[in-house]
Amino acid sequence: MPEKVMLIPGEIINLSDDDKRRLGGYTIEMIASLEATYSTYLQNDIPVWWKWYNAVPAQSQKMWPFKGAANVVIPYIQTMVDSVTAQNFGKVFGAAPRIWTVKSQNEDDDRQRLAMNVDRHLQWAASGGDFNFKLPMYDALEESACVGCSVLALNYRQEIRHVFFGSNTKVGRSSKSKRVKTRAVEWAKGPEFEHAPRENYLWDTRYRIHEAPIVVREHEYTQSQLEQMAALDPAWDAEAVESLRGAEGNDSSPAQAARDAKNSIESKSTNTFGGQGTLHHDIREVWMDVPVALGAGITIPGANDPGAPWIPLVLHIHRNSGKLLRIVAQPYHIPHKPFYDLYYRKNSGRAFSLGLAKKLEMIQEIMSTLFNQSIDSATRANAMWAKTTDRR
């Protein structure tokens, strides 16, 4: 009996040019549908909520009840969000400061010392070293408290680093020269948790993110970054990457409004230099279940057998042109997509929650209004409002 052909985790998916075009157009249609569905949430709500958190006035100068009236915003939302974030962070890491646990059943002293050293290294690495867990968790907790939801992504990375060795050395009075050499070394790192802003993710919120049929994550890559990834990873289509030269731009991004709001808060201007390699492409990383991909009418080698395991596909696609740049089977041996959603107060049956920014909006508005009215009252009492020559 012939061996059943099936997808292997991390396998490069080779499609015909026609199937690539069909799958690319099909994927862009689904992305556009998700963008339209959640456009208000991503482009209007989230940017405003972060402005409320940072106590940004709705207008730079108030003209009523008089020009230059008090324009103070009491940062009540920020105070509450920071407090809840600190409490949750303390609950996560205070009760269990050991992020990883290493245990050896062997009673040999040398093995016990080795296990202790491995344990010590892992605690250091996860507390701010090679695969820091505390920093992305803090960012996720703060975002979930403010806007209601945040996402952590799990990664296992293969990094190529160049190690240099050899140098010019002096031996006694003579000088002995050694040629500096280099060697490319592959580093396998993980598990590594990463936080990206909520506005960078799209999925059907009737599902938790790891169970959704399709999950879309936005990336900003320059042309040189894409070319470097294509040179190191054979899964990238080098010709498709090269064809993107000159097609930079992320105006189609639903996250742009949130980025602009955060840049404004940080007094940061958008890059307008426009030099070669400085502008970004809008690249979408799409995790898609095989039955969804087959809806495009394509043939995926090893995926059309209903008895074979259905491993999600990972696609990288250029949002503006719809060109597929990379297609692989999900590389991780886990039973779900490698994303974890956190919520402040999750709605029953929905992957959605309102955060403190929306819940406390009215209280912050009332506090700020009362405070501004008291300042305006004192201003009027201490200012000369008019002069007259009428003796009456």
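Our subject is the structure that appears above.
Sequence order sets the numbering: in each chain, residues are counted from 1 along the sequence as written. Totals for whole chains, interfaces and linings use all residues, but because this is a predicted model, local features are given only for residues with pLDDT of at least 70 and pairs of side-chain atoms are given and counted only at 80 or more. Hydrogen atoms and water are omitted, and side-chain values are computed over all heavy atoms in the structure.

> It is not clear to me how the overall build of the protein chain should be interpreted in this structure. Could you clarify?
For the protein chain, the helix and strand inventory stands at 11 helices and 10 strands. Considering the protein chain as a whole, with its 392 residues, one finds that 38% of them fall into the buried category. Contacts spanning at least 24 positions in sequence make up 73% of the contacts within the protein chain whose residues lie at least 6 apart. Throughout, the Shrake-Rupley method with a 1.4 Å probe supplies accessible areas, and for residues the shown protein chains are the sole cover considered. Surface accessibility of the protein chain: about 23,000 Å² in total, with carbon and sulfur atoms responsible for 53%. Only DSSP runs of H or I covering at least 4 residues are called helices, and only runs of E covering at least 2 are called strands; the numbering of each starts at the N terminus. Categorising residues by exposure relies on relative accessible area from a 1.4 Å probe, with only protein chains included: less than 20% of the type maximum marks a residue as buried, more than 50% marks it as exposed, and the intermediate range marks it as partly exposed. Note on contacts: a residue pair is in contact if any heavy atoms of the two residues lie within 4.5 Å.

> Teacher, can you tell me more about the sheet that holds strand β1 (residues 149–165) here?
Paired through backbone hydrogen bonds, the strands of a sheet run either parallel or antiparallel to each other. With antiparallel pairing, the 3 strands of this open sheet are ordered in space as β4-β1-β10. Across the chains shown, the open sheet's two edge strands, defined by having one partner strand only, are β4 (181–196) and β10 (339–343). Strand-to-strand, the axes of this sheet are offset by a mean angle of 25 degrees, without reference to chain direction. DSSP bridges decide pairing: two strands pair if at least two such bridges lie between them. Between N-to-C directions, angles span 0 to 180 degrees; the directions come from axes that are lines fitted to C-alpha atoms, helices contributing only their stretch in contact.

> Please clarify how the pairing of strand β8 (residues 313–318) should be interpreted in this entry.
As a general feature of sheets, a regular strand has side chains that alternate between the two faces. Counting buried residues along β8, 6 of its 6 residues qualify, which places the element largely inside the surrounding structure. Burial along β8 is two-sided: the residues L313, L315 and I317 and V314, H316 and H318 are all buried. Pairing of β8 with strand β9 (residues 324–329) involves 5 bridges; the strand directions are antiparallel. Its bridge partner being in β9, V314 is matched across the sheet by V328. Linking β8 back to β9 in an antiparallel pair, the connection comprises 5 residues, with G322 at a positive phi of about 75 degrees.

> Explain the packing of aromatic side chains here, please?
The relation between two aromatic rings is expressed through the spacing of the ring centres and the mutual angle of the planes. Here a Phe, Tyr or Trp ring, Trp counted by its six-membered ring, pairs with any other such ring whose centre lies within 6.5 Å, and the pair is stacked when the planes are under 30 degrees apart, edge-to-face when over 60, and tilted otherwise. Counted by the stated rule, this structure contains 12 aromatic pairs. Plain terms: the ring middles of F89 and F93 are 4.7 Å apart, the flat faces sit at 50 degrees to each other, and that makes the pair tilted. Residue F89 and its partner F93 are located together in helix α3 (residues 76–94), separated by 4 residues, close to a single helical turn. Exposure remark for F89: the relative accessible area of 23% places this residue in the partly exposed category. With relative accessibility at 8%, the residue F93 sits in the buried group. Through a chain of ring-to-ring contacts, three or more aromatic side chains come together here, namely F89, F93, F133, Y138, F193 and Y340. Above the face of the Y344 ring, R345 is positioned so that its terminal group lies 4.8 Å from the ring centre. Note on criteria: charge over ring means Lys NZ or Arg CZ within 6 Å of the ring centre, with the direction from the centre no more than 35 degrees off the ring normal.

> Looking at this structure, I do not really get the side chain of E218. What am I missing?
Take E218: it is sitting in strand β6 (residues 214–222). On the accessibility criterion, E218 (5% relative accessible area) is buried. At a separation of 3.2 Å, a polar atom in the side chain of E218 contacts the side chain of R259. Not counting residues within four places of it along the chain, the set of residues in contact with E218 comprises N200, S253, P254, A255, R259, D282, I283 and R284. N or O atoms closer than or at 3.5 Å make up a polar contact, with two conditions inside protein: a donor-capable atom paired with an acceptor-capable one, and, for residues adjacent in sequence, both atoms drawn from side chains.

> Can you help me understand the pairing of β1 in this one?
Two elements, β1 and β10, share 5 bridges in a ladder whose sense is antiparallel. Within β10, the residue paired with V151 across the bridge is D341. Bridging between β1 and β4 involves 14 bridges; their strand directions are antiparallel. Paired with F164 across the two strands is T182, which belongs to β4.

> When you look at the sheet that holds β6 in this model, what are you seeing that I'm missing?
Pairing in this open sheet of 5 strands is antiparallel, and the strands run β5-β6-β7-β8-β9 from one edge to the other. The sheet terminates laterally at β5 (201–203) and β9, the two strands that pair on one side only. Shown here is a sheet whose adjacent strand axes are inclined to one another by a mean of 20 degrees, direction ignored. Here β5 pairs with β6 via 3 bridges, running antiparallel. Looking at the pairing, Y201 lines up with R217 of β6. In the packing of helix α6 (residues 223–232) onto the sheet, contacts are made with β6 and β7 (280–288), and the angle to β6 comes to roughly 110 degrees.

> Got a minute to help me understand helix α8 (residues 256–265) in this structure?
In an α-helix, one turn spans 3.6 residues, which is why side chains three or four residues apart end up on the same side. Among the residues of α8, those classed as buried are Q256, A258, R259, A261 and N263. On its buried side, α8 packs onto α2 (39–53) and β6. A positive backbone phi angle near 55 degrees is found at S267, which sits one or two residues after α8.

Everything listed is a geometric property; what it means functionally is a separate question.
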